[in-house]
Amino acid sequence: LFDKNFKVVFVLGGPGSGKGTQCANIVKHYGFTHLSAGDLLREEIKSGSKSGGMIKNLMKEGQIVPSEVTVKLLLRAMLESGNDKFLIDGFPRNEENRVAFENLTNIEPEFVLFFDCSVKEMERRILNRKQGRDDDNMETIRKRFEVFNESTLPVIEGYNCKGKIRKIDADKPVDEVFENVKAIFSEFGI
Ligand code: UP5
Ligand code: MG
């Protein structure tokens, strides 16, 4: 199903760590297609699909949507893009996500960017954002942090053991973070 030459970079980091912001910068400089798993799920809700209600409820609680839904959306977007280089933002969020993607595609990421940001700063950013997201309220933000610590940090640990993590100090201003991101992409010659 999948071309062996597909290049994938996973972009992970806590809620509000700046994944989307930095991905937008990366696509301008490098020929990647940016796929935010969260954005794809929000579009799926809006499209009125029959799993929309289930997705909406899980996101409202900061919980992780089952892999079969998310992976299907990612694969469809990858095939439709016509590109062969992908920045996958906010995925895999747990081991189930990681295994499902790997089994279906046989793709191992080139590397995994990890935006490491303090909780205080992430909270500040999310509360300032005001994009009307259902999950940008204090109660859900707390749950998103918990789920990140319980489910996503272990995935990051696993990739770290494989030498795939590129950790970036994401507390810094956008431009400084992007300088560090660029250094990593140059190292890989992507
Ligand atoms: N900002 C960014 N960088 C800054 C900087 N360096 N200095 C100062 N300000 C900075 O940034 C957040 C805000 O901070 C923006 O206003 C930005 O201008 C500013 P953003 O780039 O949006 O951060 P990001 O990390 O993308 O934050 P986001 O809220 O999108 O992260 P989440 O991981 O919480 O959200 P996501 O959309 O990935 O997932 C939402 C939900 O979807 C999950 O909780 C889950 O329920 C579900 N989901 C799944 O179930 N499965 C998936 O695979 C993916 C999502
Ligand atoms: Mg985002």
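Residues numbered from 1 in each chain as written. Chains lettered and ligands numbered in written order. Predicted model: local features only at pLDDT ≥ 70, side-chain atom pairs only at ≥ 80, totals over all residues. Heavy atoms only, no water.

**Structural notes on the site of ligand 1**
Consideration 1: Taken together, 28 residues are adjacent to ligand 1, and Thr21, Gln63, Val65, Arg93 and Arg144 come closest.
Consideration 2: Measuring from an oxygen atom of ligand 1, one finds a backbone N or O atom of glycine 20 at 3.0 Å.
Consideration 3: In the environment of ligand 1, an oxygen atom lies 2.7 Å from a nitrogen or oxygen atom belonging to the side chain of arginine 144.
Consideration 4: For ligand 1, whose unbound accessible area comes to 1,000 Å², protein coverage reaches 86%.
Consideration 5: Mapped by element, the contributors of at least two residues to the shell around ligand 1 are helix H1 (19-29), helix H2 (37-46) and helix H6 (119-129).
Consideration 6: For the shell around ligand 1, the element with the most residues is H2, which contributes four residues.
Consideration 7: In terms of residue class, the shell around ligand 1 is made up of nine nonpolar, ten polar and nine charged. (Near = heavy atom within 4 Å. Polar contact = N/O pair within 3.5 Å; in protein donor to acceptor, adjacent residues only side chain to side chain. Areas by Shrake-Rupley, 256 points an atom, 1.4 Å probe, with all protein chains shown as cover. Helix = DSSP H or I, 4+ residues; strand = E, 2+ residues; numbered from the N terminus. Nonpolar A, V, L, I, M, F, W, Y, C, P; charged D, E, K, R; others polar.)

**Focus on a negative patch on the surface**
Consideration 1: A grouping of Asp169, Asp171, Asp175 and Glu176 is seen on the molecular surface, where their side chains present a negatively charged patch.
Consideration 2: Topologically, aspartate 175 is positioned in helix H8 (residues 174-188). (Patch = residues over 30% accessible without salt bridge, like charges linked within 9 Å, V, L, I, M, F, W, Y side chains within 5 Å. Salt bridge = Lys/Arg side-chain N within 4 Å of Asp/Glu carboxyl O. Lys, Arg positive; Asp, Glu negative; His and termini not counted. Charge placed at Lys NZ, Arg CZ, Asp CG, Glu CD.)

**Focus: the pattern of salt bridges**
Consideration 1: Enumeration over the complete set of coordinates arrives at 19 salt bridges.
Consideration 2: Between arginine 124 and glutamate 121 there is a salt bridge; the shortest N-O distance is 2.9 Å. Here glutamate 121 and arginine 124 lie together in helix H6, a separation of three residues that amounts to about one turn.
Consideration 3: Residue classification places arginine 124 among the partly exposed positions, given a relative accessible area of 46%.
Consideration 4: Taking relative accessible area as the criterion, glutamate 121 reaches 16% and is therefore assigned buried.
Consideration 5: A single salt-bridge network, built from bridges that share partners, covers Arg129, Arg133, Asp135, Asp136 and Arg144. (Buried < 20%, exposed > 50% of the residue type's maximum accessible area, 1.4 Å probe, protein only.)

**So, the packing of aromatic side chains**
Consideration 1: Overall, the coordinates contain nine aromatic pairs when judged by the stated rule.
Consideration 2: Ring centres of phenylalanine 111 and phenylalanine 188 lie 4.4 Å apart, and the angle between their planes is 35 degrees; on these two criteria the pair is classed as tilted. With a gap of 77 residues between them, phenylalanine 111 in strand S4 (residues 111-116) and phenylalanine 188 in helix H8 connect regions that are remote in the sequence.
Consideration 3: Residue phenylalanine 188 is classed as partly exposed on the basis of its relative accessible area of 29%. (Phe/Tyr/Trp six-rings, centres within 6.5 Å; stacked < 30°, edge-to-face > 60°.)

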